[in-house]
Amino acid sequence: MANIGFIGLGIMGKPMARNLMKAGHTLTVYDVVTASVDEVAAAGANRGESSSAVAAVTDIIVTMLPDGPQVEEAVLGPGGLLEGARKGAIVVDMSSISPMVSQKVAAACAEKGVEFLDAPVSGGEPKAVDGTLAIMVGGKKEVFDTVEPVLKAMGSSVTLTGAVGAGNVTKLANQIMVACNIAAMGEALVLATKAGLDPEVVFNAVKGGLAGSTVLNAKAPMVIGRNFKPGFRIKLHQKDLRNALLAGESLKAPLPLTSLVQQILMALMNDGKGDCDHSAIVNFVEDLAGIEVKKPA
Ligand code: NAD
């Protein structure tokens, strides 16, 4: 069993940390929010006083933080884990961040003899709780092989996708497909509703055909039921598409649809919907048409 550090005990980090303990690993945890550390310590983890203090006593250190700036702060900043990490330690960053930031942090780790993997996840809180996340990993094969059994305590699918940064490129590809799929679904259901059709009948008619998808099955019932409770928040998806556009720019890969949906997400944040589920992308199209997608009265 491994001696694991865990930094970032939010919606995703808490259940992931619990699953590592359930699998028999020893955990030392840290979060800037003390109440979150208290909660996971009460479930059996050791308390770390800082990221560097966690790294000083562990061999594998998982980070699960909001975005690149927080990962840079926790790994490279003052009191960050590189100040305490032992030579040969492995940092596994499971946050969804820009692949360029993954590569920058990995290079700084390498200078200190510390290995780095980027390993973002898909599946959201329910799959974090069940330990059935899809985990997309970037890094060296031999480092991946060492960490794979640990990742399997948190996910049912663990895939090495390439060198450092590849995990986050894969995650961004995932987020592009999900966002554009929801936006297309929104236009389709608004059109059908404006034409006087029952959107539920339309959904049931198309879901078995080529337009059917996991996104459609998960999100159309939410929209028709007017339930926009997250799920996955608009503001986190906006952050992911911003990171996709930054990656696209550095690779000279134009992403016109991503760009449009990212702007729609930003407008929805300005409209006070940043904490709504990303299915609320549909609200933007509804406002343009002056109609709500719901069953006829
Ligand atoms: P969250 O905001 O709930 O949790 C982040 C945690 O990091 C918080 O507890 C915060 O206090 C802590 N933190 C921030 N800066 C820190 C620092 N410098 N040092 C220590 N702790 C710090 O976010 P979340 O929903 O758990 O998401 C985490 C990551 O996983 C994000 O990148 C997100 O995009 C990704 N993700 C989320 C979901 C989801 O459904 N929530 C699904 C897949 C991927």
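That block above? That's the structure.
Model, not experiment: these values are computed from the prediction. (Residues numbered from 1 in each chain as written. Predicted model: local features only at pLDDT ≥ 70, side-chain atom pairs only at ≥ 80, totals over all residues. Heavy atoms only, no water.)

### Regarding the pattern of salt bridges
Okay, so step 1: Counted by the stated rule, this structure contains 19 salt bridges.
Okay, so step 2: Here Asp277 ties to Lys219 by a salt bridge, and the two come within 3.1 Å at their closest N and O atoms. With Asp277 in the loop between helix H13 (256-270) and helix H14 (281-289) and Lys219 in helix H11 (residues 214-224), this pair connects stretches of sequence that are 58 residues apart. Across the pair, exposure class does not vary: Asp277 and Lys219 are buried alike.
Okay, so step 3: Three or more residues are tied together by salt bridges with common partners; here these are Arg226, Glu286, Glu292 and Lys294. (Salt bridge = Lys/Arg side-chain N within 4 Å of Asp/Glu carboxyl O. Helix = DSSP H or I, 4+ residues; strand = E, 2+ residues; numbered from the N terminus. Buried < 20%, exposed > 50% of the residue type's maximum accessible area, 1.4 Å probe, protein only.)

### So, the site of the ligand
Okay, so step 1: The local shell around the ligand holds 24 residues, among which Ile11, Met12, Asp31, Pro66 and Lys239 are the closest.
Okay, so step 2: Ile11 is positioned with one of its backbone polar atoms (N or O) 2.9 Å from an oxygen atom of the ligand.
Okay, so step 3: Contact distances for the ligand include 3.1 Å between an oxygen atom and a backbone N or O atom of Leu65.
Okay, so step 4: The protein chains hide 87% of the 840 Å² of surface that the ligand would expose on its own.
Okay, so step 5: Breaking the shell around the ligand down by element, the ones donating at least two residues are helix H4 (68-76) and helix H7 (124-130).
Okay, so step 6: Along the lines of polarity and charge, the residues of the shell around the ligand split into 12 nonpolar, seven polar and five charged.
Okay, so step 7: Both domains that furnish three or more residues to the shell around the ligand are identified here as domain 1 (3-163) and domain 2 (169-289). (Near = heavy atom within 4 Å. Polar contact = N/O pair within 3.5 Å; in protein donor to acceptor, adjacent residues only side chain to side chain. Areas by Shrake-Rupley, 256 points an atom, 1.4 Å probe, with all protein chains shown as cover. Nonpolar A, V, L, I, M, F, W, Y, C, P; charged D, E, K, R; others polar. Domains from an automatic or database assignment.)

### Some thoughts on the state of the cysteines
Okay, so step 1: Under the counting rule described, the total for this entry stands at zero disulfides.
Okay, so step 2: No disulfide involves Cys180; its sulfur sits 20 Å from that of Cys276, the nearest cysteine. (Disulfide = S-S within 2.5 Å.)

Any link to function would need more than the numbers given here.
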